[in-house]
Amino acid sequence: MLKKRMRYLSRYQDIITALYHYGFGQIVRDMGLLERRKRTRSKNKTKKDSDLTVAKRIRLLLEELGPTFIKLGQLASTRADLFPQHVLNELEELQDNVPSFSYREAKEILEEELDAPIEQLFRSFNPEPLAAASIGQVHEAELPTGESVVVKIRRPHIQHTIETDLAIIEDLLELAEDRIAWVKKFRLIDLFHEFASALKQEINYKNEAQNAERIKRQSKNETTMYSPIIYSAYSSMKVLTMSKVEGTKITEATYEKGYDQEVVAERFATGMFEQIFVHGFFHGDPHPGNIFVTKNNDIILIDFGMVGRLSDEMRHSLALLVQGLKSRHTDRVMEALFAMDIVHEDVDRPRLHDDLDYLRLKYYDVPMAEISIGEAVQDLFAVANQHDCLIPPDLTMLGKALLAVESIVSHLAPSIAIIDIVEPFGRILIKERYDPRRFARKIQKETQDSFHTIRLLPKDVSNTLKDIRDGKLKVSISIGEIKDLIRKVDRISNKLAFSVVLLSFSIIMAGVIIGGSLTAEPTILLQIPAIEIGLTITSLMFLWIIWAIFRSGRF
């Protein structure tokens, strides 16, 4: 850890100084990093810290610290189950205020990645970028075959920058977990690993190309929603070439400009819900900047860096959840949460049921057409989070996508009820859930798994016995279990000792009786009624043991 801090000392100083400037110095002091603070302050600040809200200061802090922090903030904006709404609102406003990089650098990256001169790769290539962001920038171009395309080029050295920042953030979070109680309570290190993994996926343009191709394949029968064509021969990890999109931003597709807003809203919502509920693979960031509308009211989606995935089991559990929400049935909603593996086994079930029932009452008198499904799902996740349950990332992305869809639809066509568009997909999922063929496939799979387990059982037993013989078998046991085990061992040892004493007494009595009958000389023992006394004591001991055995219930 110390070597890592020395290597990235300058970047550490930038981060710590920024934390101080935006009013988070107490965190630095609690972590014991006071000596790392720079004495200089950031420039070009027009407002005092006291004039800004905490949420706004968080946003400005992330923007100042650059691409890695901006992207992590944008990913955090999908976690309504963890962060308050006023913070999420600011995180959604994060801007990539970075200058474009030079045409010379873009040309070098293109030629190195695609292994050919730019004049050979493209008939024409606009040296001025259309747009620049923290990860890359986009240029217009034309292929030798005449197709108009846009070329996304990754920013030089961005991977090294992100890896450096991620290493520092992980280091700081580990330090914070050791020294600040609330950091460990909120499991920020686990959340960071989740976000870091998503960010590493996003900067690899091969992943975005694969996501776009999968969306296109699964939507091949869809006639009103499209995605750009990906030109794989002109794409790599650092370069992504796709067909140029001709259209209008969805929130600007108004009646005045010749668009049918209700048709646009319905087609967009239907296409998104088909991705979610039918295919289980959906666009994870459907904000207005990623959605365009053609002149004939068709929808075009771009930017597939963030996608959500739902397994078949998760989709069917989601159907159960929607069914429970619609019928306002608390037990069914709770069953769905358990089926989704959101709720852990140690949860306080009665308290969770009470919280869900309270949530049900919130929507009880509200007409179903007026209920926001995205908001209801977010409320459910918030309740689960209050019970220390971890929401899978794809489900939080689903909640954000639902909210985005509802927001755009309500903007374009307020009269459309989202539930009317969702309901047919819910019926499809419920029908799938109870389809006999699905049960047959599930039984077949479980049977195959059982046979596989049985086939491996002799080997597993043999390995276990070998570990026992070699003294390698490890047993995990809790403190409570140890105490219980010690108490049971004490009881068993006491009963064994009692039995041994009883047996010894019986042997001595037998010896006294036999010895007295074999000798003719009178002794003191012969003058004592030993047989009567011994028989009485033995009988009492025997009866006590029998009573103790019956009382234990282990006879």
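In this report, the structure presented in the accompanying data block is examined. (Residues numbered from 1 in each chain as written. Predicted model: local features only at pLDDT ≥ 70, side-chain atom pairs only at ≥ 80, totals over all residues. Heavy atoms only, no water.)

## Some points on the overall build of the protein chain
If you tally the helices and strands in the protein chain, you get 22 helices and 11 strands. Residue pairs in contact within the protein chain that sit at least 24 positions apart in sequence constitute 65% of those at least 6 positions apart. Element-wise, carbon and sulfur atoms account for 57% of the exposed surface of the protein chain, whose accessible area totals about 31,800 Å². (Helix = DSSP H or I, 4+ residues; strand = E, 2+ residues; numbered from the N terminus. Contact = heavy atoms within 4.5 Å. Areas by Shrake-Rupley, 256 points an atom, 1.4 Å probe, with all protein chains shown as cover.)

## Focus: the nonpolar core
Ranked by internal contacts, the top residues of the largest apolar core, which has 116 residues, are I250, F268, F273, I299, I342 and L395. Looking at this core element by element, the count peaks at 10 residues for helix α9 (residues 158-179). Those residues in contact with F273, other than ones at most four positions away along the chain, are V278, L402, V405, I418, I421, V422 and F425. (Core = buried A, V, L, I, M, F, W, Y, C linked by side-chain atoms within 4.5 Å. Buried < 20%, exposed > 50% of the residue type's maximum accessible area, 1.4 Å probe, protein only.)

## Brief notes about the packing of aromatic side chains
Considering all chains together, one arrives at 4 aromatic pairs under this definition. With 6.1 Å between their ring centres and 40° between their planes, Y103 and F125 make a pair best called tilted. With Y103 in helix α7 (residues 103-114) and F125 in strand β1 (residues 124-125), the pair connects residues that are 22 residues apart, well separated along the chain. F125 sits in the buried class, given a relative accessible area of 14%. Taken together, the aromatic side chains of Y103, F122, F125 and Y234 make up a single cluster linked through ring pairs. (Phe/Tyr/Trp six-rings, centres within 6.5 Å; stacked < 30°, edge-to-face > 60°.)

## A short note on the packing of helix α15 (residues 330-339) against helix α16 (residues 349-362)
The contact between α15 and α16 brings their axes to 9 Å, and the two run at 120°. It follows from the interaxial angle that α15 and α16 lie oblique. You can see that α15 and α16 cross each other, and the crossing is right-handed. Facing α15, whose interface residues are T330, D331, V333, M334, L337 and F338, α16 presents R349, L352, H353, L356, D357 and R360. A breakdown of the residues in the contact of α15 with α16 according to their chemical character gives 6 nonpolar, 2 polar and 4 charged. (Axes fitted to C-alpha atoms, helices over the stretch in contact; angles between N-to-C directions. Parallel < 35°, antiparallel > 145°, perpendicular 65-115°, else oblique. Left-handed = near helix turned anticlockwise from the far one by under 90°. Nonpolar A, V, L, I, M, F, W, Y, C, P; charged D, E, K, R; others polar.)

## Some remarks on the sheet that holds strand β9 (residues 291-293)
Strand order in the open sheet formed by 4 strands is β5-β10-β9-β7, with mixed pairing between adjacent strands. Of all strands in the sheet, those bounded by a partner on one side alone are β5 (225-226) and β7 (248-249). Here 3 bridges tie β9 to strand β10 (residues 299-301), and the two strands are oriented antiparallel to one another. Bridging across to β10, F292 finds its partner in I300. (Pairing = 2+ DSSP bridges.)

## Examining unusual backbone geometry
Positive phi values are uncommon outside glycine, yet H157 reaches one of about 65°. By relative accessible area, H157 is classed as exposed at 64%. Backbone geometry at D303 places phi at a positive 65°, although glycine is not the residue there. Tracing the sequence through the fold places D303 in the loop between β10 and β11 (307-309).

## A few points about a nonpolar patch on the surface
Taken together, V461, L465 and I468 make up a surface patch of nonpolar side chains, about 250 Å² in accessible area. Note that V461 resides in helix α20 (residues 436-469). (Patch = residues over 30% accessible without salt bridge, like charges linked within 9 Å, V, L, I, M, F, W, Y side chains within 5 Å. Salt bridge = Lys/Arg side-chain N within 4 Å of Asp/Glu carboxyl O.)

## Things to note about helix α18 (residues 393-412)
The end-to-end C-alpha distance of α18, which contains 20 residues, comes to 29 Å, matching closely the 28 Å that a straight helix rising 1.5 Å per residue would cover. Burial of α18 is extensive: 14 of the 20 residues sit out of reach of the surface. (Expected span 1.5 Å × (residues − 1).)

## Considering the side chain of S236
Of note, S236 is situated in the loop between β5 and β6 (239-243). Given the relative accessible area of 9%, S236 is considered buried. A distance of 2.7 Å separates a polar atom in the side chain of S236 from a polar atom in the side chain of E113. Among residues more than four places away in sequence, those in contact with S236 are E113, Y205 and K206. (Polar contact = N/O pair within 3.5 Å; in protein donor to acceptor, adjacent residues only side chain to side chain.)

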